[in-house]
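Structural characterization, general
The residues making up each chain are set out below.
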Amino acid sequence: MFYKVKSMGLTGLNAFPVTAEIEGSSELPDFQIIGLADAAVRECRERLKSAFRTTGLNFPEQRVVVNLAPADVRKTGTVHDLAIAAALCMVQGWIKKSAVENAAFIGEVSLGGEIRAVRGVLPMTILAQKLGCSEIFVPADNAAEASVVSGIKVYGVPDLRTLVAHFYFKKKITPQPEYQPDFEQAADGCDFCDIKGQELAKRALEVAAAGGHNALLIGPPGSGKSMLAKALPSILPRMTFDEAISATNVYSVAGEIDPEHPLITSRPFRAPHHTVSTAGLSGGGTIPRPGEISLAHNGVLFLDELPEFSRNALEILRQPLEDGKVTISRAAGTVTYPSSVMLLAAMNPCPCGYYGHPTRKCTCGAKKVENYLSRISGPLLDRLDIHCEAAAVEFSDLASKEKAEPSSAIRERVQAARDIQNRRFAGTDITCNAKITPDMMSEVCVMTNDAKDALKTVFEAFGLSARAYDKILKVARTAADLENSELIEDRHIIEAAGYRTLDRKYWAT
Ligand SMILES: Nc1ncnc2c1ncn2[C@@H]1O[C@H](COP(=O)(O)OP(=O)(O)OP(=O)(O)O)[C@@H](O)[C@H]1O
Ligand SMILES: [Mg+2]
């Protein structure tokens, strides 16, 4: 007797189909699993024997061989347990062949017969649906996560007994209702109206949020840099469905899905502490896991007190920031995680914090200031499109009772500019102006003659790098989008170039 059950495997974020083929023959009882299975998969023999025993189900009294096909791809972890259990039930005659033809099974089986949650259910369910499965059986704790995918019936299985009852006794498991995402969730945290003064920094963050540009806030202690950063989520544009799925995939693989909100619909905001390790920031580990930069995919990675991060950790960020993905190589293979983020960094200009302050004297020597600033390398600085000074707040601003503009009003403008970008980049992989690829630059960033002249002057006066040139153009594109202007005008170029002057003030020496 020969049966087949569909399962799914995972490398990095990529799911791949696996078929558990089973053959039972009337030889001396034995149970083998073959097909490039690692130790965790082979241990499934003991888990399943014990699970059948403790649940009061008879284990096949035959020689049973399970092959996990394709046999040339390495299978890891415990995710195939449920498919193998279903195959054993077929050998016992409890599940009919026709009943599982269009079904996939994923989940870990415990010694007691419970079905335990596994990682990566979302990408695996998406693949099952694409491959034409009409049903998927997943651990009950993962059911909400799988229900994000439409066009496939999701059954959350709590234990082995319920699975057998579903097929054999027709005591059907209630399918998980399809999850209806809410993209209008309000961000909690700080509101821009509570921040006094800082008009320039607020405008800079508005432009950064609208186009997804990396930004750096620099200023003395207590000027509101951390406060501005905390308020940023309240003005970020809504995620598109594709962006939400792509961000949720990362959390699914990291095993960090909240069953109450299985689809991530507000942009992630990750703020790792400066003691974070390089692996924690970019991903890694013996069993590779996504790092903070991938958990911030399609959202914001906020690095407060930037110079305090280890130089190594920062330098490793350079490539993922540019490419929008991180590749991690391990003995077992290579995995790639997405890392398309908006980087926001905040820092003081020197150890005491008052270098360049209009009224207070900086107590650090020139050498100390230079050492401090040199912790941020030139190439990293070049990747920060918008540099903005969060100057000390004036007394008159602080004492004023007037509320500043609320986040909701700023968010409306940001959203309108992002809607223009979504239309512009429809059908491409580009999500916002910051991610415009070099081949699209000339098509998308069309300037008036005055703007061209302005850019030429800036380029020559500042001695800009080619990257800085592109970045100024992209930021100018966003400034134009915020005004719903088709062409980039000279005032947009001047604003964008203004965001590149601070490196000259602080890093020029
Ligand atoms: N612009 C502002 N408007 C209103 N309150 C402010 C402002 N700036 C600072 N504050 C007050 O000061 C506190 C500290 O601000 P915040 O932590 O943002 O400063 P910072 O610039 O990050 O300082 P540091 O460089 O020391 O990290 C805030 O919690 C807030 O109470
Ligand atoms: Mg701070």
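Here, the structure is the one placed above.
By convention here, each chain's residues receive numbers from 1 onward along its written sequence. Here chains are named by letter from A upward and ligands by number from 1 upward, in the order in which they appear as written. Since the coordinates come from a predicted model, pLDDT governs what is reported: local features require at least 70, and pairs of side-chain atoms require 80 or more to be given and counted, while whole-chain, interface and lining totals use all residues. Derived side-chain values reflect all non-hydrogen atoms in the structure, with water molecules and hydrogen atoms excluded from consideration.

Attention now goes to the overall build of the protein chain. If you tally the helices and strands in the protein chain, you get 21 helices and 16 strands. Along the three orthogonal principal directions, the C-alpha set of the protein chain runs to about 90 × 45 × 45 Å. Each residue is placed in one exposure class: buried if its accessible area under a 1.4 Å probe, protein chains only, is under 20% of its type's maximum, exposed if it is over 50%, and partly exposed if it falls in between. Here the protein chain, with 509 residues, has 54% of them falling under the buried criterion. The contacts of the protein chain with a sequence gap of at least 6 include a subset with a gap of at least 24, amounting to 74%. Surface summary for the protein chain: the accessible area is close to 22,500 Å², and the carbon and sulfur share equals 51%. Only four residue types enter the tally: Lys and Arg on the positive side, Asp and Glu on the negative side; His and the chain ends are excluded. One atom stands in for each charge, and that atom is NZ of Lys, CZ of Arg, CG of Asp or CD of Glu. Averaging the locations of the 57 positively and 61 negatively charged side chains of the protein chain gives two centres separated by 4 Å. Numbering goes from the N terminus for both helices and strands, where a helix is a DSSP run of H or I of at least four residues and a strand is a run of E of at least two. The contact criterion used is simple: two residues touch if any of their non-hydrogen atoms lie within 4.5 Å. Calculation of accessible area relied on Shrake-Rupley with a 1.4 Å probe; when residues are assessed, cover is drawn exclusively from the protein chains displayed.

Take the site of ligand 1 next. Taken together, 15 residues lie around ligand 1, and Lys 196, Gly 222, Lys 225, Ser 226 and Asn 348 are the ones closest in. At 2.8 Å, a side-chain N or O of Lys 225 approaches an oxygen atom of ligand 1. Coverage of ligand 1 by the protein chains reaches 66% of its 630 Å² of free accessible surface. Looking at the shell around ligand 1, its residues break down into five nonpolar, six polar and four charged. A molecule or strand has a residue near it when one of that residue's heavy atoms lies within 4 Å. Whenever a nitrogen or oxygen atom comes within 3.5 Å of another N or O atom, the pair is scored as a polar contact, on the condition that within protein one atom can donate a hydrogen and the other can accept it, and that pairs from neighbouring residues in sequence are kept only if both atoms are in side chains. The residue classification treats Ala, Val, Leu, Ile, Met, Phe, Trp, Tyr, Cys and Pro as nonpolar and Asp, Glu, Lys and Arg as charged. All others, Gly included, are polar.

So, on to the state of the cysteines. Count a disulfide wherever a pair of cysteine sulfur atoms falls within 2.5 Å. Per the counting criterion, the structure on display carries zero disulfides. This cysteine, Cys 89, is not joined by any disulfide, and Cys 44 carries the nearest cysteine sulfur, 12 Å off. Judged by relative accessible area, Cys 89 falls into the buried class, the value being 0%. Of all cysteine sulfurs in the structure, the one in Cys 445 sits closest to Cys 432, which takes part in no disulfide; the separation is 12 Å.

As a further point, take helix α2 (residues 44-55). A helix is expected to reach a length of 1.5 Å times the quantity of its residues less one. With twelve residues, α2 should cover 16 Å at 1.5 Å per step; its first-to-last C-alpha distance of 16 Å lies within 8% of that length. Taken as a whole, α2 has its buried residues at Cys 44, Arg 47, Leu 48, Ser 50, Ala 51, Phe 52 and Thr 55. Buried positions along α2 lie against β3 (30-34), α1 (39-42), α3 (81-91), β6 (108-109) and α6 (160-168). Following α2 by one or two positions, Gly 56 adopts a phi angle in the positive range, close to 80°.

Salt-bridge detection follows one rule: a side-chain nitrogen of Lys or Arg within 4 Å of a carboxyl oxygen of Asp or Glu. In this structure the tally under the stated criterion is 25 salt bridges. Among the salt bridges present, the one from Asp 81 reaches Arg 47, with a minimum N-O distance of 2.8 Å. Here the residue Asp 81 occupies a position in helix α3, and Arg 47 occupies one in helix α2, the gap between them amounting to 34 residues. We classify Asp 81 as buried; its relative accessible area is 1%. Here Glu 315 and Arg 311 are joined by a salt bridge, their closest N and O atoms 4.0 Å apart. Placement of the pair is Glu 315 and Arg 311 together in helix α12 (residues 311-323), with a separation of four residues, close to one helical turn. Residue classification places Arg 311 among the partly exposed positions, given a relative accessible area of 44%. Residues participating in the shared-partner salt-bridge network are Arg 203, Glu 206, Glu 405, Arg 413 and Glu 495.

Right, let's talk about the pairing of strand β4 (residues 63-69) for a bit. Burial runs high along β4: six of the seven residues are buried. The pairing of strand β2 (residues 14-25) with β4 spans seven bridges and is classified as antiparallel. The residue bridging Glu 23 from the neighbouring strand is Val 65, located in β4. By definition, two strands form a pair when at least two bridges between them are found by DSSP. In this sheet, β4 lies alongside β3 in parallel orientation, the contact comprising five bridges. Counted as the bridge partner of Ile 33 is Val 66 from β4.

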